[in-house]
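Descriptive structure summary
Here's the letter readout for the chains.
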Amino acid sequence: MLLFTRYRTRLRLPRKQGAAIYFADPHRPWQQAINKNTNGLLRHYMPKGAGLSVLSQDELDTIASLLNTRPRKQLGFKPVLEVFRDLVKRLQEAPSGVH
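Scoring rules and cut-offs
- Residues numbered from 1 in each chain as written.
- Predicted model: local features only at pLDDT ≥ 70, side-chain atom pairs only at ≥ 80, totals over all residues.
- Heavy atoms only, no water.
- Helix = DSSP H or I, 4+ residues; strand = E, 2+ residues; numbered from the N terminus.
- Buried < 20%, exposed > 50% of the residue type's maximum accessible area, 1.4 Å probe, protein only.
- Contact = heavy atoms within 4.5 Å.
- Areas by Shrake-Rupley, 256 points an atom, 1.4 Å probe, with all protein chains shown as cover.
- Salt bridge = Lys/Arg side-chain N within 4 Å of Asp/Glu carboxyl O.
- Core = buried A, V, L, I, M, F, W, Y, C linked by side-chain atoms within 4.5 Å.
- Expected span 1.5 Å × (residues − 1).
- Arc of directions from axis to C-beta.
- pLDDT = per-residue confidence, 0-100.

If you tally the helices and strands in the chain, you get 4 helices and 2 strands. Its helices and strands taken in sequence order, the chain reads α-α-α-β-β-α from the N to the C terminus. Here the chain, with 99 residues, has 11% of them falling under the buried criterion. In the chain, once contacts between residues fewer than 6 apart in sequence are set aside, the share between residues at least 24 apart is 23%. Of the accessible surface of the chain, which amounts to about 8,500 Å², a share of 56% is contributed by carbon and sulfur atoms.

In structure tokens:
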């Protein structure tokens, strides 16, 4: 997750890059903490001030994999990827029309 402060940048990036970008909602400060934590984790793999353009797609994929398989206290020390896969499995197994 990347947090941008300029509205114009927000509008251009998804169309230009083809990626979904999420922003903290106003008056929900806990969402900002999640963004700051994620940005801090990213800094373990790339220097502060460096943009994503300095990394290759393989490097970005490796970083994403490391972050998605990292256990999270908030999730009972399960990795995000495991929680996501469990959710998808439950949704696929649910009777039609019930989610």
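Applying the stated rule across the entire model yields 1 salt bridge. When the shortest N-O distance is used, the salt bridge between R28 and D25 registers 3.8 Å.

So, about the nonpolar core. By size, the foremost hydrophobic cluster in this structure holds 6 residues: L41, L42, M46, L55, I63 and L67. Contributing elements (two or more residues each) for this core: α2 (29–42) and α3 (57–68).

The next point concerns α2. Its 14 residues give α2 an end-to-end C-alpha distance of 20 Å, which sits within 8% of 20 Å, the value for a rise of 1.5 Å per residue. Residues of α2 that are buried: N35, T38, L41 and L42. All buried residues of α2 fall inside an arc of 125° around its axis, so they share one side. More than 90 degrees from the buried face of α2, the exposed residues found are P29, W30 and K36.

What follows concerns unusual backbone geometry. Phi at F77 is positive, roughly 65°, even though this residue is not glycine. Mapping F77 onto the fold places it in the loop between β1 (71–72) and β2 (78–79).

This part takes up the confidence of the model for the chain. The pLDDT averaged across the chain works out to 78; a share of 76% of its residues lies at or above 70. The element-level mean pLDDT for the chain is lowest in helix α1 (residues 7–17), coming to 50, with β2 highest at 94. Across residues 1–11 the pLDDT falls below 50, and counting only partners more than four positions away or on other chains, this stretch makes 19 contacts in the model.

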